[in-house]
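# Topology and contacts: notes
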Amino acid sequence: MDKLEYKGTWNEAKGRMKKSYASLTDDDLTYTEGQEEQMLGKIQQKLGKTRDEVVKMIKSI
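The structure presented is a predicted model; accordingly, all values stated were derived computationally and were not measured. (Residues numbered from 1 in each chain as written. Predicted model: local features only at pLDDT ≥ 70, side-chain atom pairs only at ≥ 80, totals over all residues. Heavy atoms only, no water.)

### What about the packing of aromatic side chains?
- For the structure on display, the rule yields one aromatic pair.
- The interplanar angle of 55 degrees and the centroid separation of 6.3 Å between the aromatic rings of Trp 10 and Tyr 31 together place this pair among those described as tilted. Here the residue Trp 10 occupies a position in helix α1 (residues 10-20), and Tyr 31 occupies one in the loop between α1 and α2 (36-47), the gap between them amounting to 21 residues.
- According to the relative accessible area criterion, Tyr 31 is partly exposed, its value standing at 23%. (Phe/Tyr/Trp six-rings, centres within 6.5 Å; stacked < 30°, edge-to-face > 60°. Helix = DSSP H or I, 4+ residues; strand = E, 2+ residues; numbered from the N terminus. Buried < 20%, exposed > 50% of the residue type's maximum accessible area, 1.4 Å probe, protein only.)

### Comments concerning the packing of α2 against helix α3 (residues 51-60)
- For the pair α2 and α3, interaxial distance at closest approach is 9 Å and the crossing angle is 105 degrees. Between α2 and α3, the angle is such that the two are roughly perpendicular. Every residue of α3 that contacts α2 at Glu 37, Leu 40, Ile 43, Gln 44 and Leu 47 is listed here: Arg 51, Val 54, Val 55, Met 57 and Ile 58.
- Of the residues belonging to the contact of α2 with α3, the class tally is seven nonpolar, one polar and two charged. (Axes fitted to C-alpha atoms, helices over the stretch in contact; angles between N-to-C directions. Parallel < 35°, antiparallel > 145°, perpendicular 65-115°, else oblique. Contact = heavy atoms within 4.5 Å. Nonpolar A, V, L, I, M, F, W, Y, C, P; charged D, E, K, R; others polar.)

### Some details on α3
- Listing the buried residues of α3 in full gives Val 54, Val 55, Met 57 and Ile 58. Considered in projection along α3, the buried side chains sweep an arc of 160 degrees and stay on one side of the axis. Across from the buried face of α3, at angles greater than 90 degrees, the exposed residues are Lys 56 and Ser 60.
- In this structure, the buried residues of α3 make contact with α1 and α2. (Arc of directions from axis to C-beta.)

### Some points on α1
- Residues of α1 that are buried: Trp 10, Ala 13, Lys 14 and Met 17. Viewed along the axis of α1, the buried residues span an arc of 105 degrees, placing them on a single side of the element. α1 presents Asn 11, Glu 12 and Lys 19 as exposed residues on the side facing more than 90 degrees away from its buried surface.
- At its buried positions, α1 is contacted by α2 and α3.

So, in structure tokens, the structure goes:
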């Protein structure tokens, strides 16, 4: 799986994800460079989705 590129648009994407998935919190969506896997794991647990599903979801936003 290729590495996700968030950069400057992450705050916008985070807002859209929180709107679409109300169970996600700011803590779940906190992006820290080098900690992508930890963030993806939190989202997976909250939504009950696979890593690939979460990555597709993020890329589609």
